Amino acid sequence: MNAFAADAPHRIAVVIPSYKVRRHILAVIAAIGPEVERVYVVDDRCPDASGDFVEQHCRDPRVRVLRHEINQGVGGAVMTGYAAAVAEGYTIAVKIDGDGQMDPRLLPLFVRPILEGRADYTKGNRFYDLAQIQRMPALRLIGNAGLSFLSKLSTGYWHLFDPTNGYTAIDTRVAAHLPTQRISRRYFFETDLLFRLNIARAAVVDVPMDAVYADEESNLKISKIFGEFLVKHVRNFIKRIFYNYFLRDMSAASLELAFGAALMAFGLGFGAWKWLSSAQAGIATPAGSVMLAALPVIVGLQFVLAFIAFDVASVPARPIAPYLPDPARLRAGTPQDGSAQEASPQDASV
C-alpha cells in the first residue's frame, strides 16, 4: 500500500451503499486502508437507519453519511456517491458493499490498473480461481454464468465475467461523463453501467477476487430477476449495435451484420412459407425450394459469425480518461489542453 503515497495527485474515495447492512458496515469501514481519503456511506432510505447508526458509532473522520429521502436502489446510491466524489475533487471512486462480502484490503488491486493507465474502470471477478468456485452456492453459480453470457452480448465486453459483481473502481473523469439519469438504479445497475461504459469506449479490466459468504443475506435473487435481466439485455444489445455500428461509425462489420441478418431472415421466411405450402398441399417440398431457403441462411450465418468475431476483437482497450476534461479543473475555470473552457455544472446533489 505504500505505492499510493508516492502518487500524490490521486485521491481515492470509497462509496458504500447502505441498506440493511447494519450488522457488518462498521467492520467494513474499519478494514478500509489509509490510502483512502474519504468514505461515503449512502443511506438509501434504510429501514434500519444505518446512516444514523454509522454516525453514532463510527469515529473515522473520513466517513461522511449521505441520505436519500426515497429508496433509489443500489444504482442510485452509487450514483450519489460518484457525484459527491466528483464534486469534492477525488480522482478514483471505489464501490464496496456494506454486507462484508467484499474485502476492503483488496482495494489496491482494483485501483492499480487505473493508476497505471491501463483501465478506466475495474470490477471484481469471483470466477477466476477455479478452486474458489466450489464455495459459491450452486444456484448463484449457475445464475451468474447465464447472466455473464448475456452481459457479454449486451455490453460488448467479451473478456469480462461475473457481471453482477459490485466491487468496482472508476476514474472520476469517466464517472463525471456518464448519463447518470439513464443508468438503471436497481439490481441491473452494474451491467447497465458496463453498457454505458462501452458506448463511451472505456477500458474495463477484471480483477480476480474471492467471495465471502457468511451470515449476510443477499437481496439479489437470481431466480426472480433473470427474466427482467433478459429483457434489459436484449434492449441494451440492440442499442449498442445501433450506436456503435450504424449511428456513430460504419465499417465492414456493419455491412456483414446487415447483409447477414437480411439473408437469414429471407431464407428462414421463404423456407417456412414453402414448408407450410407443401404441408397444406400434401406434397414434398421441391429440392430447388429447399436450396433457395438453405443457401441464404448458410451465407447469412457466415456473415453474422464474421460480425461477432469483429465485435469480440474490438473490445475497448485504450483508456479514455486521459482524454477527458478534469471536472475539478473545469469548476475552477482552469483551461484544459491550453484552451479556455467554461465549467459545466455537475449533478452533485446528495
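Residues numbered from 1 in each chain as written. Predicted model: local features only at pLDDT ≥ 70, side-chain atom pairs only at ≥ 80, totals over all residues. Heavy atoms only, no water.

- For the protein, an unreviewed UniProt entry supplies the name Glycosyl transferase family 2 and the organism Lysobacter enzymogenes.

Digging into the environment of His233
Then step 1. If you trace the backbone, His233 turns up in helix 9 (residues 222-247).
Then step 2. Taking the C-alpha atoms as reference, His233 lies 6.4 Å from Leu150; in sequence the two are 83 residues apart. (Helix = DSSP H or I, 4+ residues; strand = E, 2+ residues; numbered from the N terminus.)

Digging into helix 2 (residues 50-57)
Then step 1. Listed in full, the buried residues belonging to helix 2 are Ser50, Gly51, Phe53 and Val54. The arc that holds the buried residues of helix 2, viewed along the axis, is 160 degrees, so those residues lie on one side.
Then step 2. Against the buried residues of helix 2 lie strand 1 (12-18), helix 1 (25-30), strand 2 (36-43) and strand 3 (63-67). (Buried < 20%, exposed > 50% of the residue type's maximum accessible area, 1.4 Å probe, protein only. Arc of directions from axis to C-beta. Contact = heavy atoms within 4.5 Å.)

A few points about the packing of helix 10 (residues 252-281) against helix 11 (residues 287-313)
Then step 1. Contact geometry for helix 10 and helix 11: axes closest at 7 Å, N-to-C directions at 155 degrees. Between helix 10 and helix 11, the angle falls in the class roughly antiparallel. The two elements helix 10 and helix 11 meet at a crossing, and its hand is left-handed.
Then step 2. Looking at the contact of helix 10 with helix 11 residue by residue, the classes come out as 20 nonpolar, five polar and two charged. (Axes fitted to C-alpha atoms, helices over the stretch in contact; angles between N-to-C directions. Parallel < 35°, antiparallel > 145°, perpendicular 65-115°, else oblique. Left-handed = near helix turned anticlockwise from the far one by under 90°. Nonpolar A, V, L, I, M, F, W, Y, C, P; charged D, E, K, R; others polar.)

Points about the pattern of salt bridges
Then step 1. One pass over the full model with this rule turns up 15 salt bridges.
Then step 2. The residue Arg105 makes a salt bridge to Asp103 at a minimum N-O spacing of 3.0 Å.
Then step 3. Within the structure, one salt-bridge network assembled from shared partners comprises Arg38, Arg64 and Glu88. (Salt bridge = Lys/Arg side-chain N within 4 Å of Asp/Glu carboxyl O.)

Here's the deal with the side chain of Ser314
Then step 1. Mapped onto the fold, Ser314 is located in the loop between helix 11 and helix 12 (327-332).
Then step 2. Of the polar contacts made by the side chain of Ser314, one reaches the side chain of Tyr245; its length is 3.4 Å.
Then step 3. Those residues within four positions of Ser314 in sequence are excluded, and the remaining contacts are Arg201 and Tyr245. (Polar contact = N/O pair within 3.5 Å; in protein donor to acceptor, adjacent residues only side chain to side chain.)

Topic: the UniProt feature "transmembrane region" (unreviewed entry) in the protein
Then step 1. Under the present numbering, the feature "transmembrane region" (unreviewed entry) in UniProt falls on residues 257-276 and 288-310.
Then step 2. End-to-end, the C-alpha atoms of residues 257-276 are 28 Å apart, and along that stretch the chain is 100% helix and 0% strand.
Then step 3. What you have in residues 288-310 is 100% helix and 0% strand, and the ends, taken at the C-alpha atoms, are 33 Å apart. (UniProt positions renumbered as here; feature names shortened; annotations may be inferred.)

Things to note about a nonpolar patch on the surface
Then step 1. Among the surface-exposed residues, Phe242, Phe246, Leu247, Met250, Leu255, Phe259, Leu295, Val299 and Phe303 lie close enough to one another that they form a single nonpolar patch of about 850 Å² accessible area.
Then step 2. If you list the elements that add at least two residues to the nonpolar patch, you get helix 9, helix 10 and helix 11.
Then step 3. When you line up the elements, Met250 lands in the loop between helix 9 and helix 10. (Patch = residues over 30% accessible without salt bridge, like charges linked within 9 Å, V, L, I, M, F, W, Y side chains within 5 Å. Areas by Shrake-Rupley, 256 points an atom, 1.4 Å probe, with all protein chains shown as cover.)

Concerning the environment of Leu153
Then step 1. Checked against the element boundaries, Leu153 lands in helix 6 (residues 138-155).
Then step 2. For Leu153, a relative accessible area of 25% translates into the label partly exposed.
Then step 3. Considered as a pair, Leu153 and Val234 are 81 residues apart in the sequence and their alpha carbons are 8.5 Å apart.
Then step 4. Once you skip the residues sitting within four places of it in the chain, Leu153 turns out to touch Trp158, Phe237 and Arg240.

Notes on the nonpolar core
Note on soluble globular proteins: their nonpolar side chains tend to be buried together.
Then step 1. Formed by 31 residues in total, the largest nonpolar core has its most connected members in Tyr40, Tyr82, Tyr121, Tyr157, Ile170, Leu193 and Leu197.
Then step 2. Elements with a contribution of two residues or more to this core: strand 1, strand 2, helix 3 (73-87), helix 7 (172-175) and helix 8 (189-199).
Then step 3. Per element, the largest residue contribution to this core is six residues, and it comes from helix 3.
Then step 4. Those residues within four positions of Ile170 in sequence are excluded, and the remaining contacts are Tyr82, Thr91, Ile92, Ala93, Ile114, Asp120, Tyr121, Ala175, Leu178 and Leu197. (Core = buried A, V, L, I, M, F, W, Y, C linked by side-chain atoms within 4.5 Å.)

Description of the sheet that holds strand 2
Then step 1. Taken in spatial order, the seven strands line up as 3-2-1-4-6-5-7 in an open sheet, and their pairing is mixed. Edge positions in the open sheet fall to strand 3 and strand 7 (204-208), since each of these has one partner strand only. The sheet shows a mean angle of 20 degrees between the axes of neighbouring strands, direction not considered.
Then step 2. The pairing of strand 2 with strand 3 spans five bridges and is parallel. Pairing of Asp43 across the sheet is with Arg67, part of strand 3.
Then step 3. Running at roughly 145 degrees to strand 5 (residues 121-125), helix 8 makes contact with strand 4 (92-95), strand 5, strand 6 (168-171) and strand 7 of the sheet. (Pairing = 2+ DSSP bridges.)

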